[in-house]
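Descriptive analysis of the structure
Chain by chain, the residues:
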Amino acid sequence: MVRLWQKDNSTRDEFDQLLRPHVELLYRTALRMTADSYLAEDLVQETCLRAFRSFDSFKKGSNFRAWIYRILSNAAIDNARRNANVSFIEWDDDETGNVRPGAYSEIGRSPEVHVLHQSFMNDAFKAMMRLSPEIRIVVALSILEEFSYDEIAQSVGCPVGTVKSRLSRGRKQLQEELGEYLPANKNSTVPNLRPVADRNKAKD
Amino acid sequence: MKDEPVNSKTEMRCQSVQESVLARLDNESDEAVWSQIEKHLLSCEVCAGFAENSIMMNARLREELKDDKDTSALWSRIVRDLDAEASSTDSAQATVSRGKAAGGIFAAGAVAAVMLAAIFAFPFTQNDQIKITPLAVKESMNDFLTFKASGRDLDVDSNEPRELRRWLVKRLDFEVPLSSAMPAGFKLAGARLCAFLNRRSAAFMYHMDGNLASVYVMAETGLDAILKRVPRNNELTVFLSRGLTNVVWRSDGLLYVVVADFPEKEAVRFAKSIGDPFSVFPLKITSVQENQTVLAANSAAKVPKG
């Protein structure tokens, strides 16, 4: 394709290089915010356009991931508010790529496990969508993407204390809605709560 | 297990421990106090249960809500968006045209003052309910913008409908209805063969005084999810996006998307004059049946007809 845009290519190249490694992560978060693969792609495209338009405001050497997540977060919350009364269409498994996330992982599961898996996944997505968008983005970034509190605060644009309280409320709501999937506790030992980094070291 | 009496002091202690447990899960805990927390977990069934449930919930959410989708197609669309954005903000360069057909189409100019109203066969509703742009429209828009920015030649440079149809019919797995009716004020410039959404589609390019409209025609087969967002047959829907007007409708197993760089009112008139003859002169019945079989086979294999 011939690009007619010639001016300031270095800026565009720099933007592309910074952006490309984060697209998958942006998409995942967008999917968790929208529960719709098409909407998620729309959201990421919109985020990238907004980011490009305001790239002048990005300070070189600062945290690009937090910066672009701030834009995604704002766009996602705007989008969620705008579509608050829109009922979303259920996923269809078809050849267009509009496949329910996680469907690929059916392979190798017994029918019983598969049913449980599908059921939990569906309910988990529904429970996520019932969280307010402000809480949902914090839950997505913390539990699912393992951002630090500080980075979430930068990404969402709120104090760390607010991140903690939103996360706590989100967790509580998810526990209430999905608690039936957890087995009754039979333990009398201390659960393995070493930090993830330590656990990864242990694997090595 | 140590039996602690339930009182406000114990509850406060448990609340604090549970907060520490969650912080630990988030890699945000204070190592100095963690040994004390562990002791508490050994002695308190409530907190130990809370910790176990929290670990399991975290793990299950991470496992079940993951989506390792290949984002290369999404990245391509982002690049196209950025290209289009850049070219639209640089009008001097964006009006450069290199192709022989494009040179005529994209010459600078204003929208012609008047378009004659055509036969209004379709019900038309402004799309307030459907706020989600269907993927077929997005892809058509992307193609339109990319083509416009690239200045490439049309595949077939002709204003003769029969010639365009003859060229396209060998390359598509459906038969394209092509009317000789021309929207008032517009000229047919030619056609292109496009490929997106795992299928081939035809794009007819019309122009008028520097403005451009492209009519994308594609088979509906295999687009079930997308079509849920497009109203019933023969109803026009308008999507305004990225400075373009998009008019979409379905007819006789085909999906039509008009992408136009002129205002909504003119775009709707254009679509109506294009769409009505298409629906009046539908596909040949024998060809439809034959081609539908071919389409079904192709869509299952996800391989467009070569």
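Only a predicted model underlies this, so the values are computations on that prediction, with no experimental measurement involved. (Residues numbered from 1 in each chain as written. Chains lettered and ligands numbered in written order. Predicted model: local features only at pLDDT ≥ 70, side-chain atom pairs only at ≥ 80, totals over all residues. Heavy atoms only, no water.)

A separate point is the overall build of chain A. When you go through chain A residue by residue, the secondary structure sums to nine helices and zero strands. In chain A, which comprises 204 residues, the share counted as buried stands at 50%. In chain A, the proportion of contacts linking residues at least 24 apart, taken out of those at least 6 apart, comes to 62%. (Helix = DSSP H or I, 4+ residues; strand = E, 2+ residues; numbered from the N terminus. Buried < 20%, exposed > 50% of the residue type's maximum accessible area, 1.4 Å probe, protein only. Contact = heavy atoms within 4.5 Å.)

In this section: the overall build of chain B. A tally of helices and strands in chain B yields 11 helices and seven strands. A burial count over chain B gives 54% of its 306 residues as buried. A separation of at least 24 residues holds for 65% of the contacts in chain B among residues at least 6 apart in sequence. Carbon together with sulfur atoms contributes 52% to the accessible area of chain B, which is approximately 13,800 Å² in total. (Areas by Shrake-Rupley, 256 points an atom, 1.4 Å probe, with all protein chains shown as cover.)

A few words on the pattern of salt bridges. Pairing between side chains becomes possible if they bear opposite charge and their charged atoms approach one another. Residue and element names in this part refer to chain A. Considering all chains together, one arrives at 18 salt bridges over all chains under this definition. Of the charged contacts in the structure, one is a salt bridge between aspartate 78 and arginine 50, with a shortest N-O distance of 3.8 Å. Here aspartate 78, found in helix α4 (residues 64-82), pairs with arginine 50, found in helix α3 (residues 37-53); they are 28 residues apart in sequence, far enough to count as distant. Take aspartate 78: its relative accessible area is 33%, and that puts it in the partly exposed class. A relative accessible area of 27% places arginine 50 in the partly exposed class. (Salt bridge = Lys/Arg side-chain N within 4 Å of Asp/Glu carboxyl O.)

Glancing now at the packing of α3(A) against helix α7 (residues 135-150) of chain B. Viewed as axis vectors pointing N to C, α3(A) and α7(B) meet at an angle of 35°, and their least axial separation amounts to 11 Å. On α7(B), the residues touching Tyr38(A), Glu41(A), Asp42(A) and Gln45(A) of α3(A) are Leu135(B), Lys138(B) and Asn142(B). Among the residues making up the contact of α3(A) with α7(B), the classes are represented as two nonpolar, two polar and three charged. (Axes fitted to C-alpha atoms, helices over the stretch in contact; angles between N-to-C directions. Nonpolar A, V, L, I, M, F, W, Y, C, P; charged D, E, K, R; others polar.)

Overall, the coordinates contain 16 aromatic pairs over all chains when judged by the stated rule. Judged by centre distance (5.3 Å) and plane angle (50°), the rings of Phe186(B) and Phe262(B) are tilted. With Phe186(B) in the loop between α8 (161-169) and β2 (187-196) and Phe262(B) in the loop between β7 (254-260) and α10 (264-280), this pair connects stretches of sequence that are 76 residues apart. Owing to a relative accessible area of 4%, Phe186(B) belongs among the buried residues under this scheme. Three or more aromatic residues joined by ring pairs make a cluster, and in this case those are Phe15(A), Phe52(A), Phe55(A), Phe58(A), Phe64(A) and Trp67(A). Here the basic side chain of Arg12(A) rests over the ring of Phe52(A), its NZ or CZ set 5.9 Å away from the ring centre. It is Arg60(B) that lies over the ring of Phe120(A); its NZ or CZ is 4.0 Å from the centre. (Phe/Tyr/Trp six-rings, centres within 6.5 Å; stacked < 30°, edge-to-face > 60°. Lys NZ or Arg CZ within 6 Å of the ring centre and 35° of its normal.)

Residues and elements named next belong to chain B. In the predicted model, chain B carries a mean pLDDT of 68, and 67% of its residues have values of at least 70. The least confident element of chain B is helix α11 (residues 285-301), whose mean pLDDT is 23; the most confident is strand β4 (residues 211-219), at 90. The low-confidence segment residues 90-131 (pLDDT under 50) makes 87 contacts with residues lying over four places distant or belonging to another chain. Note that pLDDT drops below 50 for residues 278-306; the model gives that stretch 37 contacts with residues more than four away or on any other chain. (pLDDT = per-residue confidence, 0-100.)

Within the fold, Ser201(B) resides in strand β3 (residues 199-208). Excluding its chain neighbours within four sequence positions, the residues that come into contact with Ser201(B) are Leu172(B), Arg192(B), Leu193(B), Cys194(B), Phe196(B), Val217(B) and Met218(B).

A word on α8(B). Residue and element names in this part refer to chain B. Listed as buried for α8 are Pro161, Leu164 and Leu168. Angularly, the buried residues of α8 cover 65° about the axis, an arc narrow enough to put them on a single face. Exposed residues lying more than 90 degrees from the buried face of α8 are Arg162 and Arg166. Buried-residue contacts for α8 involve β2 and β3. (Arc of directions from axis to C-beta.)

Turning our eyes to something else, we now look at the pairing of β3(B). Residue and element names in this part refer to chain B. Within β3, nine of the 10 residues are buried, which leaves the element mostly enclosed by the surrounding structure. Both β2 and β3 contribute to a ladder of nine bridges, which runs antiparallel. Within β3, the position partnered with cysteine 194 by the bridge is serine 201. From the end of β2 to the start of β3, which pair antiparallel, there are two residues, and leucine 197 there has a positive phi angle of about 55°. In the sheet, β3 pairs with β4 via seven bridges, with the strands oriented antiparallel. Residue methionine 205 lies in a different strand from β4, and its bridge partner there is serine 214. The turn linking β3 back onto β4 is made up of two residues, and aspartate 209 within it adopts a positive phi angle of 50°. (Pairing = 2+ DSSP bridges.)

Moving on, we get to the environment of Thr221(B). Residues and elements named next belong to chain B. Checked against the element boundaries, threonine 221 lands in the loop between β4 and α9 (224-227). Here threonine 221 falls in the partly exposed class, since its relative accessible area comes to 30%. Linking threonine 221 and leucine 254, residues 33 residues apart in sequence, is a C-alpha distance of 8.3 Å.

To continue, consider the packing of helix α6 (residues 133-144) of chain A against helix α3 (residues 45-64) of chain B. The interhelical angle for the contact between α6(A) and α3(B), taken along N-to-C directions, is 100°, at an axis separation of 10 Å. The orientation of α6(A) relative to α3(B) falls into the category roughly perpendicular. For the pair α6(A) and α3(B), the contacting residues are Ser142(A), Ile143(A) and Leu144(A) in the first and Asn58(B), Leu61(B) and Arg62(B) in the second. When its residues are assigned to classes, the contact of α6(A) with α3(B) shows three nonpolar, two polar and one charged. (Parallel < 35°, antiparallel > 145°, perpendicular 65-115°, else oblique.)

Below, the discussion takes up the pairing of β4(B). Residue and element names in this part refer to chain B. The buried fraction of β4 amounts to nine of the nine residues, a majority that puts the element mostly inside the structure. The side-chain alternation of β4 yields two buried faces, one formed by Asn211, Ala213, Val215, Val217 and Ala219 and the other by Leu212, Ser214, Tyr216 and Met218. Direction of pairing for β4 relative to β7: antiparallel, over a ladder of seven bridges. When the sheet's bridge partners are listed, alanine 213 is paired in β7 with alanine 260.

Formed by 64 residues in total, the largest nonpolar core has its most connected members in Leu19(A), Leu178(A), Leu61(B) and Ile78(B). Counting residues per element, this core draws most heavily on α4(A), at nine residues. Of the residues that make up this core, three or more belong to each of domain 1 (8-64) and domain 2 (72-301) of chain B. Beyond its immediate chain neighbours, meaning those up to four positions away, Leu61(B) contacts Phe120(A), Ala124(A), Ile143(A), Leu144(A), Leu174(A), Leu178(A) and Lys66(B). Judged by nonpolar contacts, the second largest core, of 31 residues, contains Leu168(B), Ala191(B), Ala260(B) and Ile274(B). (Core = buried A, V, L, I, M, F, W, Y, C linked by side-chain atoms within 4.5 Å. Domains from an automatic or database assignment.)

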